[in-house]
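Given next are the chains, with one letter for each unit.
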Amino acid sequence: MKRNSIITLGIAAIAAIAVAALPFVIEAEKLPVTADEQKAMSPDEVLDLLMAGNERYVSGKLSDPNVRARIKAASSGQFPKAVILSCLDSRVPVEKVFDVGIGDIFVGRVAGNIENEDQLGSMEFATKAAGSKLVMVLGHEACGAVKGACDGVEMGNLTALLSKIRPAIDAVKGHEGARNSKNAEFVADVVEMNVRQTVADIRERSEVLAEMEGNGEIRIVGALYSLQDGSVRLID
């Protein structure tokens, strides 16, 4: 065999080994949030990280999920940087929306992204006990729960759930004569008002979270997800 052929084969073999090892290199770099990292983060930094992740999601340039290494690393403990209350809607995959993985965030889901004692207690655990720095209420366009509430739908336990969206409906002014799900603009206004109402309710109903926010330990924010392009818009 000629010397050049031997060199070529040698280079190819090294390249093959490097490619085979690449997933392990990636796995070593893409691990869940650690206790020290969580402690060092400010609420604003966490929010910036989530919004940067959403930009990657929208652009289609998601990070490697690194599932195997994350499962192993998170088995000894968890230190999520945020807790997100989202709607039940299957079109809003929260972890993917913010390009995060196992061990990075807590997610609570309920139709209409409303708060109740269970969700509030979960948020208090996530922040006060587990160290998360951000509470986000994430609503989305054309929410089915909001539409149902606008139309006065009644069905089993859903009736009580939809009644919790009623204050947001009543708070939206205008749209005379078309205050139902057939009016897309009205639904959009109620969706946003419902997020605002939930954020306000969290502050009012949880002394723990309100005190933490007052001390600068956490931030409580509202946001809306676009079903059209996947972007997240913060609500002031």
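Everything discussed here concerns the structure shown above.
Note that residues are indexed from 1 along each chain, following the sequence as it is written. For this predicted model, a pLDDT threshold of at least 70 governs which residues receive local features, and a threshold of 80 or more governs which side-chain atom pairs are given and counted, while totals over whole chains, interfaces and linings are taken from all residues. To get the side-chain values, all heavy atoms of the structure are used, and hydrogens and water are removed first.

Pulling in residues and values, what's your account of the overall build of the chain?
Numbering of helices and strands runs from the N terminus; a helix is a DSSP stretch of H or I covering at least four residues, while a strand is a stretch of E covering at least two. Each helix and strand counted, the chain has 11 helices and 5 strands in total. Of all 236 residues assigned to the chain, the portion counted as buried reaches 40%. In this description, contact between two residues means that some pair of their heavy atoms is separated by no more than 4.5 Å. Taking contacts inside the chain between residues at least 6 apart in sequence as the whole, the part at least 24 apart equals 72%. Accessibility throughout is a Shrake-Rupley quantity obtained with a 1.4 Å probe, and a residue counts as covered only by protein chains that appear here. Surface summary for the chain: the accessible area is close to 12,900 Å², and the carbon and sulfur share equals 55%. Each residue is assigned to one of three classes by its accessible area relative to the maximum for its type, calculated with a 1.4 Å probe on protein chains only: buried under 20%, partly exposed between the two thresholds, exposed over 50%.

For the pattern of salt bridges, give the residues involved together with the corresponding values.
Note on definitions: salt bridges are taken to be side-chain nitrogens of Lys or Arg within 4 Å of carboxyl oxygens of Asp or Glu. Within the structure shown, the criterion is met by 9 salt bridges. When the shortest N-O distance is used, the salt bridge between Glu115 and Arg205 registers 3.0 Å. Taken together, the residues Glu115 in the loop between β2 (105-109) and α6 (117-129) and Arg205 in helix α10 (residues 184-205) connect sequence positions 90 residues apart. The shortest N-O distance in the salt bridge between Arg203 and Glu213 comes to 2.7 Å. Placement of Arg203 in helix α10 and of Glu213 in helix α11 (residues 207-214) is noted, with a sequence separation of 10 residues between them. Residue Arg203 is classed as partly exposed on the basis of its relative accessible area, which comes to 36%. A relative accessible area of 22% means that Glu213 is categorised as partly exposed. Salt bridges here are not isolated pairs; linked through shared partners, they connect Glu192, Arg196 and Arg233.

With reference to specific residues and values, describe the packing of α6 against α11.
Whenever a helix is involved, its axis is fitted only over the stretch in contact; in every case the axis is a line through C-alpha atoms, and angles between N-to-C directions fall within 0 to 180 degrees. Across the interface, α6 lies against α11 with an axial gap of 9 Å and an inter-helix angle of 40 degrees. Classified by the angle between their axes, α6 and α11 sit oblique to one another. Where α6 crosses over α11, the handedness of that crossing is left-handed. Contact residues: Met123, Glu124, Thr127 and Lys128 in α6; Val208, Leu209 and Met212 in α11. Split into classes, the residues belonging to the contact of α6 with α11 amount to 4 nonpolar, 1 polar and 2 charged. We call two directions roughly parallel when the angle between them is under 35 degrees, roughly antiparallel when it is over 145, roughly perpendicular when it lies between 65 and 115, and oblique otherwise. Left-handed describes a crossing whose near helix is turned anticlockwise from the far helix by less than a right angle; the clockwise case is right-handed. Under the scheme applied, nonpolar residues are Ala, Val, Leu, Ile, Met, Phe, Trp, Tyr, Cys and Pro; charged residues are Asp, Glu, Lys and Arg; polar residues are all the others, including Gly.

Can you explain the packing of aromatic side chains? Please cite residues and give values.
A ring pair, where both rings are aromatic, is described by two values, the distance of the centres and the angle of the planes. Planes of paired rings set the category: under 30 degrees apart is stacked, over 60 is edge-to-face and the rest tilted, where pairs are Phe, Tyr or Trp rings (Trp by its six-membered ring) whose centres lie within 6.5 Å. Tallied over the full model, the rule gives 2 aromatic pairs. Here Tyr57 and Tyr225 contribute two aromatic rings whose centre-to-centre distance is 6.5 Å and whose plane-to-plane angle is 45 degrees, an arrangement assigned as tilted. Remark: Tyr225 occurs in strand β4 (residues 219-225) and Tyr57 occurs in helix α3 (residues 43-59); sequence separation between them is 168 residues. Owing to a relative accessible area of 5%, Tyr225 belongs among the buried residues under this scheme. Geometrically, the ring pair formed by Phe106 and Phe125 is edge-to-face, given 6.0 Å between the ring centres and 70 degrees between the ring planes. With a gap of 19 residues between them, Phe106 in strand β2 and Phe125 in helix α6 connect regions that are remote in the sequence.

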